[in-house]
Amino acid sequence: MMTSGEELAAVAVADLRVRRGGGVVLPGISLAVARGVVTGLLGPSGCGKTTLMRAIVGVQRIESGTVRVLGEPAGSPSLRARVGYVTQAPSVYPDLTIRENLRYFARVLGAPSSEVDAVLATVRLKGEADRSVGRLSGGQRARVSLAAALLGEPEVLVLDEPTVGLDPLLRRELWGTFHALAADGVALLVSSHVMDEAAHCDQLLLMRGGALVATGTPAALRERTGVEDLSEVFVRLIEQREMART
Amino acid sequence: MSARSTLATAARVLTQLRHDHRTIALVLVVPSVLLTLLRYLFDGQPETFDRVAGPMLGLFPFLIMFLITSITMLRERTSGTLERLMTMPIAKLDLLGGYAIAFALLAAAQAAIVSAVAFWLLGLDVAGSPATVIGLAVANAVLGMALGLLVSAFASTEFQTVQFMPAIVLPQLLLCGLFVPRERMAEALEVASDFLPLTYAFEALQAVTEDGAAIGDLGLEIGVVAGATVLALVLGASTLRRRTA
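Quick notes on the rules
Residues numbered from 1 in each chain as written. Chains lettered and ligands numbered in written order. Predicted model: local features only at pLDDT ≥ 70, side-chain atom pairs only at ≥ 80, totals over all residues. Helix = DSSP H or I, 4+ residues; strand = E, 2+ residues; numbered from the N terminus. Rg over C-alpha atoms; globule rule 2.2 N^0.38 Å. Buried ≥ 20, exposed ≤ 12 C-beta atoms within 10 Å, placed from the backbone. Contact = placed C-beta atoms within 7 Å. Core = buried A, V, L, I, M, F, W, Y, C linked by C-beta atoms within 7 Å. Nonpolar A, V, L, I, M, F, W, Y, C, P; charged D, E, K, R; others polar. Pairing = 2+ DSSP bridges. Axes fitted to C-alpha atoms, helices over the stretch in contact; angles between N-to-C directions. Parallel < 35°, antiparallel > 145°, perpendicular 65-115°, else oblique. Left-handed = near helix turned anticlockwise from the far one by under 90°. Expected span 1.5 Å × (residues − 1). pLDDT = per-residue confidence, 0-100.

Peer 1: Before we move on, could you go through the overall build of chain B and cite the residues and values that matter?
Peer 2: Regarding its fold elements, chain B presents ten helices and zero strands. Reading chain B from its N terminus to its C terminus gives the helix and strand order α-α-α-α-α-α-α-α-α-α. Relative to the globule expectation of 18 Å for 245 residues, the C-alpha radius of gyration of chain B, 18 Å, shows essentially globular dimensions. Taking the principal axes of its C-alpha atoms as reference, chain B extends roughly 60 × 40 × 35 Å. Looking at chain B as a whole, 44% of its 245 residues qualify as buried. In chain B, the proportion of contacts linking residues at least 24 apart, taken out of those at least 6 apart, comes to 81%.

Written out as structure tokens, the structure reads:
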């Protein structure tokens with residue numbers, strides 16, 4: 001089971017309600033993200049994953065509920081150097097080279113410039129470091145954005161669809177990187193709308209329509225539904241829920 | 001606030017400019033070309049040229065920095081880099097200060113080049129010191145930057161941003177006294193011009209170029225330009241939100 005104690009959880013969300021663009025995106029969600037594991041936030045596009053992640057990094061205006069990160073209210077100034085965030089669209093400067101981008105973010109974070117080379121190696125972009133970001137492919141840009149979030153040794157990493165559109169081999173390497181970071185005690189929350197990715201996660205949060213459908217390890221969820229394939233697991237869990245309601 | 005983040009931002013903005021050769025060339029060359037045009041427009045009327053071109057020297061940086069800043073800041077907002085920065089330990093004033101330093105340096109380069117062309121090649125003759133004109137030009141550039149920053153919050157596309165140039169800048173330019181002395185305007189317009197910062201920027205330049213005023217004589221004008229800059233920066237900073245809907 002997932003640890004939900006305030007002490008152990010890196011992220012604790014309680015009764016979070018968010019309204020965006022006139023509609024209620026999150027009607028009141030509660031969840032916890034543990035340190036030292038990779039937690040997958042899975043669900044179809046538009047189910048509220050990004051809004052939830054924005055609330056956790058403290059850039060989302062919320063209506064009610066609480067979001068605590070490392071024991072402090074989300075978005076607190078003291079968290080700004082401890083939480084790394086990768087948005088779905090790569091948020092880096094297209095008119096700078098990869099290295100110039102990372103050097104700037106490292107300076108803002110107060111991280112040593114040696115870290116720039118380290119994160120470049122992590123995302124396998126060392127050879128491209130002096131290329132302009134505007135000339136990179138979409139997948140390469142996404143890796144630059146990810147590299148920027150890895151700077152400054154964050155304790156919590158919130159990654160919105162970081163592996164979309166990446167080469168399968170690279171995707172596997174990145175999941176390896178995520179697990180290595182988790183082994184160092186980092187809490188990772190990784191979203192995806194592709195169910196295949198769920199198998200890479202230690203813990204899963206399955207989301208639909210702004211609410212959690214199920215939580216648990218992939219093995220536990222497989223056992224609960226009696227099917228192997230994780231997309232099928234998701235379908236069964238939704239069906240079970242609908243049936244319980246009627 | 002931290003000097004580290006401010007200087008890092010200034011260096012980053014200058015690096016972005018350095019990669020954009022065409023913009024640099026346009027920023028540095030176009031004012032000189034326009035002034036040359038003016039020189040031959042008033043061919044045979046050197047007094048008129050002196051009267052118009054002197055203050056113009058100090059107003060170019062205002063126009064160009066307004067445009068550049070409003071677009072750069074809009075890009076920062078729409079590309080997600082502003083949101084990323086707002087999750088990082090950087091103060092809003094560090095970000096704005098970084099922009100101000102970078103663009104003030106660019107403005108100084110622009111003003112120096114256009115002054116060199118005007119004074120040496122075009123025979124521009126002003127009563128006061130050229131250095132004072134350049135100093136005022138840089139101050140006006142920072143005012144333009146601060147206003148550009150503020151309006152970028154009210155545009156959602158670059159297309160809209162460009163429209164703020166005729167909406168915000170052109171009326172100030174028309175009313176500042178450059179084209180028609182203010183006392184000859186309809187009274188309502190003259191009163192309106194009292195409230196526009198560019199009026200004071202122009203009057204300072206005019207006092208230097210026509211009456212040979214020194215910095216010390218321009219307390220009111222410089223005070224208004226500086227005050228308007230600070231006001232626009234503070235309002236601009238309030239539009240940089242860490243939390244959005």
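Peer 1: Account for the nonpolar core, with residues named and values stated.
Peer 2: Here is a general trend for soluble globular proteins: nonpolar side chains tend to be buried in one another's company. Membership of the largest hydrophobic core comes to 151 residues, with the highest contact counts inside it found for A:Val11, A:Ile56 and A:Leu188. Of all the elements, helix H6 (residues 130-151) of chain B adds the most residues to this core, at 15 residues. Apart from residues no more than four positions distant in its own chain, A:Val11 is found in contact with A:Ala32, A:Val33, A:Ile56, A:Val69, A:Val156, A:Ala187 and A:Leu189.

Peer 1: I'd like to hear about the interface of chain B and chain A, residue by residue, with values.
Peer 2: Tallying the contact residues gives 23 residues for chain B and 24 residues for chain A. Residue assignment for the side of chain B that touches chain A shows that the elements contributing at least two residues are helix H1 (3-19) and helix H4 (81-86) of chain B. Per-element tally for the side of chain B that touches chain A: the top contributor is H1(B), with seven residues. Split into classes, the residues belonging to the side of chain B that touches chain A amount to seven nonpolar, nine polar and seven charged.

Peer 1: Break down the sheet that holds strand E10 (residues 211-216) of chain A for me, citing the residues and quoting the values.
Peer 2: Residue and element names in this part refer to chain A. Within the open sheet, the six strands sit side by side as E6-E7-E8-E3-E9-E10. Their pairing is mixed. The outermost strands of the open sheet, each flanked by one partner alone, are strand E6 (83-86) and E10. Each neighbouring strand pair of the sheet contributes to a mean axis angle of 15°, computed without reference to strand direction. As paired elements, E6 and strand E7 (residues 156-160) share four bridges and run parallel to each other. Across the sheet, residue Val83 finds its bridge partner in E7, namely Val156. Lying on the sheet, helix H1 (residues 49-57) is in contact with strand E3 (38-42), E6, E7, strand E8 (187-192) and strand E9 (203-208); it crosses E7 at an angle near 155°.

Peer 1: Please give an account of the packing of helix H2 (residues 98-109) of chain A against helix H4 (residues 138-150) of chain A that cites residues and values.
Peer 2: Residue and element names in this part refer to chain A. Close contact between H2 and H4 brings their axes to 9 Å; oriented N to C, the two are set at 25°. Here H2 lies roughly parallel to H4, going by the angle between them. Considering only the axes of H2 and H4, their crossing is right-handed. Here H2 contributes Ile98, Asn101, Leu102 and Phe105 to the contact with H4, which in turn contributes Val144, Ala147 and Ala148. Residue composition of the contact of H2 with H4, by class: six nonpolar, one polar and no charged.

Peer 1: Give a detailed account of helix H7 (residues 158-175) of chain B, specifying residues and quantitative values.
Peer 2: Residues and elements named next belong to chain B. In a regular helix each residue adds 1.5 Å, so 18 residues correspond to 26 Å; H7 covers 26 Å between its end C-alpha atoms and thus fits that length. Those residues of H7 that sit buried are Thr161, Phe164, Val169, Gln172 and Leu175. Against helix H3 (46-78), H6, helix H8 (187-194) and helix H9 (197-211) lie the buried residues of H7. One or two residues past the end of H7 sits Gly177, with phi positive at roughly 110°.

Peer 1: Pulling in residues and values, what's your account of unusual backbone geometry?
Peer 2: Residues and elements named next belong to chain A. If you check the backbone angles, Asp15 has positive phi at about 50° while not being a glycine. Its location among the elements puts Asp15 in strand E1 (residues 9-20). Although it is not a glycine, Leu70 sits at a positive phi angle of roughly 50°. As for its placement among the helices and strands, Leu70 is situated in the loop between strand E4 (64-69) and strand E5 (72-73). The partly exposed category is assigned to Leu70, around which 18 C-beta atoms lie within 10 Å.

Peer 1: Can you tell me about the confidence of the model for chain B, naming the residues and giving the values?
Peer 2: Taken as a whole, chain B shows an average pLDDT of 91; of its residues, 100% reach a score of 70 or greater. Model confidence for the complex: the whole-complex pTM is 0.88, and ipTM, which rates the interface, is 0.87.

Peer 1: Before we move on, could you go through the environment of B:Met65 and cite the residues and values that matter?
Peer 2: Residue and element names in this part refer to chain B. Mapped onto the secondary structure, Met65 falls in helix H3. Measuring from C-alpha to C-alpha, the distance between Met65 and Ser193 comes to 21 Å, with 128 residues separating the pair along the chain. Aside from chain neighbours lying at most four places away, what touches Met65 is Phe103, Ala107, Ala141, Gly144, Met145 and Gly148.

Peer 1: Before we move on, can you summarise the sheet that holds E1(A) with the specific residues and values?
Peer 2: All names here are of chain A. The four strands lie next to each other as E2-E1-E4-E5, forming an open sheet whose pairing is antiparallel. Only two strands of the sheet have a single neighbouring strand rather than two, namely strand E2 (23-34) and E5. Strand contacts of H1: E1, E2 and E4, with the helix running at about 120° to E1, the strand carrying the most contacts.

Peer 1: Go over H1(A), please, and point to the residues and values.
Peer 2: Residues and elements named next belong to chain A. Summarising burial for H1: eight of the nine residues are buried, a large majority. When we look at burial in H1, the residues that qualify are Lys49, Thr51, Leu52, Met53, Arg54, Ala55, Ile56 and Val57. Looking one or two residues beyond H1, the residue adopting positive phi is Gly58, at roughly 85°.

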